[in-house]
Amino acid sequence: MSRSDATGFCAATSARSKAPAIAGRMLLGALLLTSLLRQCRASIFKSIATAAFVFACALSIIASPQTGSPSVTKVEPPSWWAHHTINPVRLLVRGENLREARVRSSSAAIQASDILINRDGTYLFVNVTIGSAARPGSYPLTLVTPRGSATIPFTIEPTLSTKTHFQGITSADVIYLIMPDRFADGDQSNNAPPDAPATANDRKNPRAYHGGDLRGVIDHLSYLKDLGVTALWLTPWYDNWNGVNNCDKPWCPNTYYHGYHAIDYYAVEDRFGDLKTLRELVEKAHALGLKIIQDQVANHVGSRHPWVKNPPLDDWFHGTLASHTLNKFKNSVLLSPHANQDEFRNTLDGWFSDDLPDMNQEEPEVARYEIQNSLWWIGATGIDGIRQDTIQYMPRSFIHDLSNALHRQYPRMWMVGEVFERDAAHTAFFIGGHTGWDGMDTKLDSVFDFPLWNASLLAFTNKLPLRALRDQLKYDALYPEPLRVTTFANNHDTMRFMSLDGATLEGAMMHVAFTLSVRGVAQLYYGEEIAMAGKDDPDNRRDFPGGFPGDALNAFTPEGRKPEEQKMYEWTRNWIRLRAQHSALQTGRLIDLFYDDDSYVFARQDRNETVIIAINRANKEKRVNVPAGAIGLRDGLELSSLTRTASVSARVTNGQATLGIPAKTAVAFGIH
């Protein structure tokens, strides 16, 4: 018998044994031990390790009987919906003394079946089938063992309207990324949870909690609406550990203020608020025409999650806290059909860091749990999109299954994956709409365009010629639909533009204008609109000025902004409004017209209109000839500036138009 066979047999026996008395268990353990040792002798003890494991397993049955009454401490998901595409829903029940359990329902509206109990009797999986006649309400289940019973609370929720929720994201949207802890403190009562040490709540420490929360976002929805963005992406609102990590490294003491170390996939971070507040945020945002995007993290949990010490299944994670491999981040092996299995498996199975246990989505129970969790947050809150963290480190088959499940239930639902690579071939490999060499179409709606972001930063800090933008965009040939790619100015993992070597305010303005006018879904990072500075993490996650008690300046208001901040704000708002007013900038195809070391001119064109974007980073005005006839513009048409910052125009003559582009700026031209 192999070690895996012994594990399965031992687990099955301990979970499903019918012997209620200690004596019976001792007899069963003795018989099992005798049988297994006989098999080991027959194979001349091929594996001493296996024999030792068998011995320990048998002793565990003898020595650790469950004599107490069962108890239930956690049910995931706690609720579901009738008429859902996932039916039955599979519950994961955490508790004690769950061995030999049966689950029954007192209502004909739901039925329980297909029970699986882990070896320690601490987790139980059960299917709950919801009948078509079920109505919203409480439907508790009863868990029964020979030693007693316990209640499994479960609720059927009313469904939210699809007319006002689950709207999805399109290339017409402009996304605004917010780190709740660093944006605004709207509720000071949640700044210091009872179990949090004082050092966890220190605004002077850039790695501690600063007090921002969901109420702070709600309080500034009007600011965001006035700026013109249409969707808010919040970094994870899962509950995280409230403690402080202390070590002798430069990054200590630190906390998990950023939200990427979940300890509960079904709870809102207590420092941010609660589910009621989250729902209020979604509803108030929707009332203003703002969508909400949740940052989900299926790849890993935090090391403080209860699963780490007591996993629901032996293969729930790739490895254990004491024994695991670290990801070497040889990410190119995920793209290559020639990769060796050792490197490939390390990239999928290795832990992102020592304190981020890697989930095993190739275990069906894990995959089902995570797909249900993703759908639960959507149904419970009415959000409109998902940003999936570190998506390339999960199996492509899981991305496919997750995407399909989202689209089946919510046809307009949108998910963008973080594939942090500067190689367009790599990012294109993960977007849906085409089949990779592995025969898999991920069905993923979007990926972030890290390659174009990188080229833009280098171009507008004078590290590359401006033609590099065109050179990068030619790789759009790799994307099934370039309009679906998410283009961004910066994010919480990157150095802010104003802290880059060679950065200027004019460079930042051109970078933002390019981001908002090029093809794809546009995304800004909080503070980009006021030219916030910030070097590498955590400096790039500074508090938004004015969002916290005692702030000297309030950049949420014109009066509280410095001259450069106000200039950047007005520029950003004007380009967002320009995008909103012109369908060509939302859905039009992109056509290159002119490019050299210091300038790039391209058209965005749809059935209704043509808009020409001209960028000149040189220190003086540049005059360029563009082939207007090549994009269907007839002689006599006038091209005039659509941007308030530059009043320039040109006329089409002999199929050409000569554009005068002011120095260090970007201009949008409309056709009349």
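A quick note: this is a predicted structure, and the numbers were derived from the prediction, not measured.

A. Fine view of the sheet that holds strand 3 (residues 89-96). Read across the open sheet, the four strands follow the order 1-3-6-5; overall the sheet is antiparallel. The open sheet is flanked by strand 1 (71-76) and strand 5 (110-117), the only strands paired with a single partner. When strand polarity is set aside, the average angle formed by the axes of neighbouring strands in this sheet is 30 degrees. The pairing of strand 3 with strand 6 (residues 123-130) spans six bridges and is antiparallel. The residue bridging leucine 91 from the neighbouring strand is valine 126, located in strand 6. Running at roughly 105 degrees to strand 3, helix 11 (residues 364-381) makes contact with strand 1, strand 3, strand 5 and strand 6 of the sheet.

B. Expanded view of the environment of leucine 290. Within the fold, leucine 290 resides in the loop between helix 7 (275-287) and strand 15 (291-296). Note: C-alpha distance between leucine 290 and valine 652 (362 residues apart in sequence) is 40 Å.

C. Broad picture of the pattern of salt bridges. Counting across every chain of the model gives 33 salt bridges. Ionic pairing is found between lysine 284 and glutamate 280, a salt bridge with its closest N-O pair at 2.7 Å. Taken together, the residues lysine 284 and glutamate 280, both in helix 7 and four residues apart, mark about one turn of the helix. Residue classification places lysine 284 among the partly exposed positions, given a relative accessible area of 40%. The exposure class of glutamate 280 is partly exposed, given its relative accessible area of 23%. Measuring nitrogen to oxygen at the nearest pair gives 3.4 Å for the salt bridge that ties lysine 463 to aspartate 501. Highlighted residues: lysine 463 in the loop between helix 14 (450-460) and helix 15 (467-473) and aspartate 501 in the loop between strand 19 (486-488) and helix 16 (505-517), separated in sequence by 38 residues.

D. Here's a closer look at the state of the cysteines. Evaluation of the coordinates by the stated rule reveals one disulfide. The residue that forms a disulfide with cysteine 247 is cysteine 252, at a sulfur-sulfur distance of 2.0 Å. Negative torsions about the S-S bond denote left-handed disulfides, and the value of about 100 degrees found for cysteine 247 with cysteine 252 makes this one right-handed. Judged by relative accessible area, which is 38%, cysteine 247 ranks as partly exposed. Of the residues examined, cysteine 252 reaches a relative accessible area of 16% and is grouped as buried.

E. How the structure looks around the confidence of the model for the protein. Per-residue confidence for the protein gives a mean pLDDT of 91, with 90% of residues at or over 70. Counted against residues more than four places away or in other chains, residues 1-63, with its pLDDT under 50, gives 58 contacts.

F. Main features of the pairing of strand 5. Note that strand 5 and strand 6 share six bridges and pair antiparallel. Bridging from a neighbouring strand, isoleucine 117 pairs with leucine 124 of strand 6. Counted along the chain from strand 5 to the antiparallel partner strand 6, the turn is five residues long, and its residue glycine 121 has a positive phi close to 70 degrees.

G. Layout of the environment of threonine 255. Turning to its location among the elements, threonine 255 is positioned in the loop between strand 13 (238-240) and strand 14 (262-268). Judged by relative accessible area, which is 4%, threonine 255 ranks as buried. For threonine 255 and tyrosine 209, which are 46 residues apart along the polypeptide, the C-alpha to C-alpha distance reads 6.9 Å. Threonine 255 has contacts with Ala200, Arg207, Ala208, Tyr209, Gly243 and Val244, leaving out every residue within four places of it along the chain. Polar contacts involving the side chain of threonine 255 include one to the main-chain carbonyl oxygen of arginine 207, which spans 2.8 Å.

Definitions and cut-offs
- The residue numbering used here restarts from 1 in each chain and proceeds along that chain's sequence as written.
- Only residues with pLDDT of 70 or above have their local features reported here, since the model is predicted, and side-chain atom pairs are shown and tallied only from 80 upward, although totals for entire chains, interfaces and linings are computed over all residues.
- Only heavy atoms go into the side-chain values, all of them from the structure, while hydrogens and water stay out.
- Pairs of strands are assigned from DSSP output, requiring at least two bridges between the strands.
- Only DSSP runs of H or I covering at least 4 residues are called helices, and only runs of E covering at least 2 are called strands; the numbering of each starts at the N terminus.
- Under this scheme, a helix contributes an axis fitted over its contacting stretch, all axes are lines through C-alpha atoms, and angles between N-to-C directions fall in the 0 to 180 degree range.
- What makes two residues a contact is simply this: any of their non-hydrogen atoms within 4.5 Å.
- Each salt bridge in this description consists of a side-chain nitrogen of Lys or Arg and a carboxyl oxygen of Asp or Glu lying within 4 Å of one another.
- Relative accessibility decides the category of a residue: with a 1.4 Å probe and only protein chains considered, values under 20% of the type maximum give buried, values over 50% give exposed, and everything between is partly exposed.
- What counts as a disulfide here is a pair of cysteine sulfur atoms lying within 2.5 Å.
- One number per residue, pLDDT, summarises how confident the predictor is, and it ranges from 0 to 100.
- Polar contacts, as counted here, are pairs of nitrogen or oxygen atoms within 3.5 Å of one another; within protein the pair requires one atom able to donate a hydrogen and one able to accept it, and residues that are adjacent in sequence qualify only if both atoms are side-chain atoms.

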